[in-house]
Amino acid sequence: MTGSPNWYEIIMTGIAERLDKYRSFKLFLDICVRWGACADKCHFYIGSGDPKNMPVLRAELLRSIYRRDFTTAGKLFGKFAGGRKLTPLIIKEWFYYFYQCTECRRCSVFCPYGIDTAEITIMARELLNLIGCQIDWIITPVANCYQTGNHLGIQPHAFKEILDFLLDDIETNTGVKMEPTFNRKGAEILFLTPSGDVFADPGIYTAMGYMILFHYLDLDYTWSTYASEGGNFGFFTSHEMMKRLNSKMYAEAKRLGVKWILGGECGHMWRVINQYMGTMNEPADFLEVPKSPITGTVFDNASQIKMVHIAQFTADLIKNNKLNLDKSRNDYLKVTWHDSCNTSRGMGFLEEPRYVLKNVVNNFYEMPPNTIREQTFCCGSGSGLNAGENMDIRLRGGLPRANAVKHVHDKHGVNCLGCICAIDRAVLTASMDFWVPGVRVAGLHELVANALVLEGENERTTNLRGEEIADLMEENEE
Amino acid sequence: MALIDLLTKKKSVIVSRWFDAVLESYPQETATFMKSQKNRFANPVGCTLAKEVEDVYSALLKGSGDTEITPFLDNIVRIRAVQDFSASAAVSFVFLLKRVVRQELGKEIKQNDLTDELLAFESQVDKLALLSFDIYMSCREKIYEIRVNEARSNVHMLLRKAKLICDDPDSDSEVG
Ligand code: SF4
Ligand code: SF4
């Protein structure tokens, strides 16, 4: 606590300001009746067995301070009203437990009052941030995204060179040369995706998938090397930072003069856009309501944000018979679907990805109902927890998800876990490696592109990972 | 009556006591949850522990070898290796079986003069503990391996750009 000698005042003023500014915060602190319908629904509690990971007790870490100093009963009766005085030990406890919440909102599905513990975590982290308690894995990417444009701080020329590598790989594996454009003014569409798709394995195969699809459609789109991060790391920091990073994407759309934005497979980018942007930044009036140039479909649902998720875009293409797909190329895969918290619970994206998936693979198996859709289990590493030093926490938090994957792996021989979130692609790979070896993680558009029949393509004997399809088919038959 | 007959006859009570004893390593409210929630997707830890202590016990009675018993122990140890336990606490659940057997069968063992058989049985249990420790170590090693792999995967394209990994997928060799 030596860094901020007046840490106590900073936190107290911080709480007061936020109670005033966010009615949801006050409401969630006030109305919990603590009977614990949420208690056993958090993946961190289920995996760790530590009661302070019960959502109700996690929130109580902050609520108890609120109760003592900000409610009448608390001021009169102190600890008899369940209040606690804020001490350095409590700050440590906050740091430990609010960084064991991935803000996934699973608990809110079960709370009869709809209390969203994720919102309380967001506030607690914001408060901790005020006194300089933050984790490097979040704050460095935030700075990089703000100053350079993506979480690793890769400069524009290097960003382009890396995509050139991926284009070379596409050519090797499909026989087709593609030439996307960068920072092109006057393009119809700006394409934004989490930069993990560009830098990280296995996200890169999804990035190849996007470029293959756009080439197939001859889409008038551009990448941006300045807004080269779709993921909003500000979301894990503070509302103010989330707002700034969100506005950057739109500033770039304005600068380039595009009509609308197409977004890649990302989770928290979508949660920010759908849940917060409306009350955070100005409406994007300078853009047009997105309209697919291929099918003519107008995405009225995006009339305010002017941004379409690629799963939705592709589902519309398939529905309108615009894609020539050969599903059998994915026959070596037995796929199950992970509903990423932010896209499924956060924005109700349940059918679109499944619709696309069923059109590009023949073998699809759902996990048990209480582990998917609205009730999906978090990967265990979201909201900035995906640093390697958190691996133990991540693995226990990821256990309920992995346990359901293991079930379909044992029962149906599932060997592929599909998802539409860049963090998931990275972290579920680690989780599978530990809990269910033999299951690979793939983005939706990697699977789409492997099935997509391109004009002028080669024999397509390899997939986008450069693996021989015949070998994989054989392995799968054994 | 031989010890094996007693162990077989009292199987369900011994297994259930052993499970309870294992749950004592968790806070009380968690133990209650792990015991009462029977849906294995809502309660993977409790359900796995319950199932696997029974599997291990049955395998012991059958005189199964290490290869057969390892997968059962693995399912338990893999979980405890990532929970907040020290190495000794993570594998201590094995020894609890000795305590339970002595508590449950102590009287009969004395009456039937089965002490030698008990000692033999207990050495079997000790062997399980050693096996569990090996599994624990391999889990921990796996975690470090995953951390290294992940650190590389996250910057895969940067390593490639910096020519620190090879472009040619047919070659495993790496420079740098
Ligand atoms: S939001 Fe998710 S991680 Fe946080 S307490 Fe609720 S269930 Fe747990
Ligand atoms: S279910 Fe809702 S009201 Fe009940 S303890 Fe949890 S947060 Fe509080």
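### Concerning the sheet that holds strand β1 (residues 181-182) of chain A
Residue and element names in this part refer to chain A.
Then, number 1: The 5 strands lie next to each other as β1-β3-β2-β4-β5, forming an open sheet whose pairing is parallel. Single-partner strands in this sheet number two, and they are β1 and β5 (307-309).
Then, number 2: This element, helix α14 (residues 268-280), spans β2 (189-192), β4 (260-263) and β5 of the sheet and lies at about 135 degrees to β5.

### Regarding the site of ligand 2
Then, number 1: Within the structure, ligand 2 sits among A:C32, A:V33, A:R34, A:W35, A:G36, A:A37, A:C38, A:V56, A:C111, A:P112, A:Y113 and A:I115.
Then, number 2: Partitioned by chemical class, the residues of the shell around ligand 2 number 10 nonpolar, 1 polar and 1 charged.

### What to know about helix α17 (residues 351-360) of chain A
Every α-helix winds through 3.6 residues per turn, so residues three or four apart in the chain are directed the same way.
Residues and elements named next belong to chain A.
Then, number 1: Buried residues of α17: P353, R354, V356, L357 and V360, and no others. Across the axial projection of α17, the buried residues extend over an arc of 165 degrees, all falling on one side.
Then, number 2: For α17, the elements touching its buried residues are α15 (310-319), β6 (335-337) and α21 (444-451).

### Let's talk about the sheet that holds β6(A)
Residue and element names in this part refer to chain A.
Then, number 1: Taken together, the 3 strands give an open sheet; going across it, the order is β6-β7-β8, and neighbouring strands pair in parallel fashion. Every other strand in the sheet has two partners, leaving β6 and β8 (440-443) as the edge strands with one partner each. Taken pair by pair, the neighbouring strands of this sheet meet at an average axis angle of 35 degrees, ignoring direction.
Then, number 2: The pairing of β6 with strand β7 (residues 416-419) spans 3 bridges and is parallel. Of the residues in β7, the one forming a bridge with T336 is L417.
Then, number 3: Across the sheet, helix α20 (residues 422-435) is in contact with β7 and β8; its angle to β8 comes to roughly 165 degrees.

### Some words on the site of ligand 1
Residue and element names in this part refer to chain A.
Then, number 1: Taken together, the residues surrounding ligand 1 are C42, H43, P55, R58, C101, T102, E103, C104, R105, R106, C107 and T117.
Then, number 2: Sorting the residues of the shell around ligand 1 by element identifies α4 (55-70) and α7 (106-110) as the ones contributing at least two each.
Then, number 3: Tallied by class, the residues present in the shell around ligand 1 amount to 5 nonpolar, 3 polar and 4 charged.

### Here's the deal with the packing of aromatic side chains
Then, number 1: Overall, the coordinates contain 21 aromatic pairs over all chains when judged by the stated rule.
Then, number 2: Clustering of aromatic rings is evident, with ring pairs tying together A:F159, A:F191, A:F199, A:Y210, A:F214, A:Y221 and A:W223.
Then, number 3: Positioned above the aromatic ring of B:F85, the side-chain terminus of B:R80 is 4.3 Å from the ring centre.

### Observations concerning a nonpolar patch on the surface
Then, number 1: A surface patch of nonpolar side chains, about 360 Å² in accessible area, is lined by A:V33, A:W35 and A:Y113.
Then, number 2: Here A:W35 falls in the exposed class, since its relative accessible area comes to 60%.

### A short note on the pattern of salt bridges
Residue and element names in this part refer to chain A.
Then, number 1: Counting across every chain of the model gives 43 salt bridges over all chains.
Then, number 2: A salt bridge links R244 to E240; the nearest nitrogen and oxygen atoms lie 3.5 Å apart. One end of the pair is R244 and the other is E240, both in helix α13 (residues 239-256) and 4 residues apart, which spans about a single turn.
Then, number 3: For the salt bridge of E366 with R354, the shortest nitrogen-to-oxygen distance reads 2.5 Å. Placement of the pair is E366 in the loop between α17 and α18 (391-397) and R354 in helix α17, with a sequence separation of 12 residues.
Then, number 4: Assessed through its relative accessible area of 28%, E366 is described here as partly exposed.
Then, number 5: Residue classification places R354 among the buried residues on the basis of a relative accessible area of 0%.
Then, number 6: One salt-bridge network, in which partners are shared between bridges, spans R34, E60, R63 and R67.

### Regarding the interface of chain B and chain A
Then, number 1: At the interface, 35 residues of chain B touch 45 residues of chain A.
Then, number 2: Buried surface at the junction of chain B and chain A, both sides included, amounts to about 3,500 Å², of which 61% is carbon and sulfur.
Then, number 3: Linking chain B with chain A are 5 salt bridges, by the criterion used here.
Then, number 4: We note a salt bridge from A:E161 to B:K161, for which the minimum N-O separation is 3.3 Å.
Then, number 5: Within the residue set of the side of chain B that touches chain A, elements represented by two or more residues are α3 (28-36), α4 (44-62), α5 (66-80), α8 (115-154) and α9 (156-161) of chain B.

### Some words on helix α2 (residues 23-31) of chain A
Then, number 1: Within α2(A) the residues assigned to the buried category are A:F25, A:F28 and A:L29. The buried residues of α2(A) occupy an angular sector of 95 degrees when projected down its axis, which confines them to one face.

### With respect to the confidence of the model for chain B
Residue and element names in this part refer to chain B.
Then, number 1: Of the residues in chain B, 93% reach a pLDDT of 70 or more, and the chain-wide mean stands at 92.
Then, number 2: A low-confidence stretch, residues 171-176 stays under pLDDT 50, and its non-local contacts, those more than four residues away or across chains, total 7 contacts.
Then, number 3: Here the complex is predicted with pTM 0.94, and the ipTM for its interfaces comes to 0.93.

### Observations regarding the nonpolar core
Then, number 1: Among the nonpolar cores identified, the biggest contains 136 residues, and A:L62, A:L86, A:W94, A:W435, B:L7, B:W18 and B:L97 are the most heavily contacted of them.
Then, number 2: For A:W435, the contacting residues outside a window of four places in its chain are A:L395, A:G398, A:L399, A:A402, A:K406, B:R78, B:I79 and B:V82.

### Looking at the environment of A:G230
Residues and elements named next belong to chain A.
Then, number 1: Its location among the elements puts G230 in the loop between β3 (221-223) and α13.
Then, number 2: Here the alpha-carbon distance between G230 and D164, two residues 66 residues apart in the chain, equals 19 Å.
Then, number 3: Leaving out residues up to four positions away in the same chain, G230 has contacts with T193, P194, M249 and M269.

### Quick notes on the packing of α2(A) against α4(A)
Residues and elements named next belong to chain A.
Then, number 1: Closest axis-to-axis distance for the α2/α4 pair is 10 Å, and the angle between their directions is 90 degrees. Relative to α4, the element α2 is oriented roughly perpendicular. Along the contact surface, α2 presents F25, K26, F28, L29 and D30, while α4 presents L62, R63 and Y66.
Then, number 2: A class-by-class count of the residues in the contact of α2 with α4 yields 5 nonpolar, no polar and 3 charged.

So, how was this worked out
Every chain is numbered independently, its residues counted from 1 as its sequence is written. Numbering of ligands from 1 and lettering of chains from A proceed in the order in which they are written. Reporting of local features is limited, given that this is a predicted model, to residues whose pLDDT is at least 70; pairs of side-chain atoms are given and counted only at 80 or more, and all residues count toward the totals for whole chains, interfaces and linings. Working from all heavy atoms in the structure, the side-chain values ignore hydrogens and water. One requirement defines pairing of two strands: DSSP has to find at least two bridges between them. Secondary structure follows DSSP: runs of H or I at least 4 residues long count as helices, runs of E at least 2 residues long count as strands, and numbering of each begins at the N terminus. Whether two residues are in contact is decided by their heavy atoms: any pair within 4.5 Å suffices. Every angle, taken between N-to-C directions, lies between 0 and 180 degrees, and every axis is a line fitted to C-alpha atoms, over only the stretch in contact when it is a helix. Proximity is defined per residue: any heavy atom of the residue falling within 4 Å of a molecule or strand makes that residue near it. Nonpolar residues are Ala, Val, Leu, Ile, Met, Phe, Trp, Tyr, Cys and Pro. Charged residues are Asp, Glu, Lys and Arg, and all others, Gly as well, are polar. Type-normalised accessible area, obtained with a 1.4 Å probe on protein chains alone, sets the label of each residue: buried when under 20%, exposed when over 50%, and partly exposed for intermediate values. The directions from the helix axis to the C-beta atoms are what the arc is built from. Any pair of Phe, Tyr and Trp rings, taking the six-membered ring for Trp, is counted once the centres come within 6.5 Å. Such a pair is stacked with planes under 30 degrees apart, edge-to-face with planes over 60 apart, and tilted for the rest. In this analysis the charged atom, NZ for Lys or CZ for Arg, is taken to sit over a ring once it is within 6 Å of the ring centre and within 35 degrees of the ring normal. Excluding any residue in a salt bridge, patches collect residues exceeding 30% relative accessible area, merging like charges within 9 Å and nonpolar Val, Leu, Ile, Met, Phe, Trp and Tyr side chains within 5 Å. For the area figures, the Shrake-Rupley method with a 1.4 Å probe applies, and any residue is considered shielded solely by the protein chains shown. Salt-bridge detection follows one rule: a side-chain nitrogen of Lys or Arg within 4 Å of a carboxyl oxygen of Asp or Glu. Buried area counts how much accessible surface, traced with a 1.4 Å probe, disappears from two parts once they are put together, with both parts' losses summed. How sure the predictor is of each residue is captured by pLDDT, a score from 0 to 100. Buried Ala, Val, Leu, Ile, Met, Phe, Trp, Tyr and Cys residues form a nonpolar core when they are joined through side-chain atoms within 4.5 Å. Each angle gets one of four labels, with under 35 degrees taken as roughly parallel, over 145 as roughly antiparallel, 65 to 115 as roughly perpendicular, and the rest as oblique.

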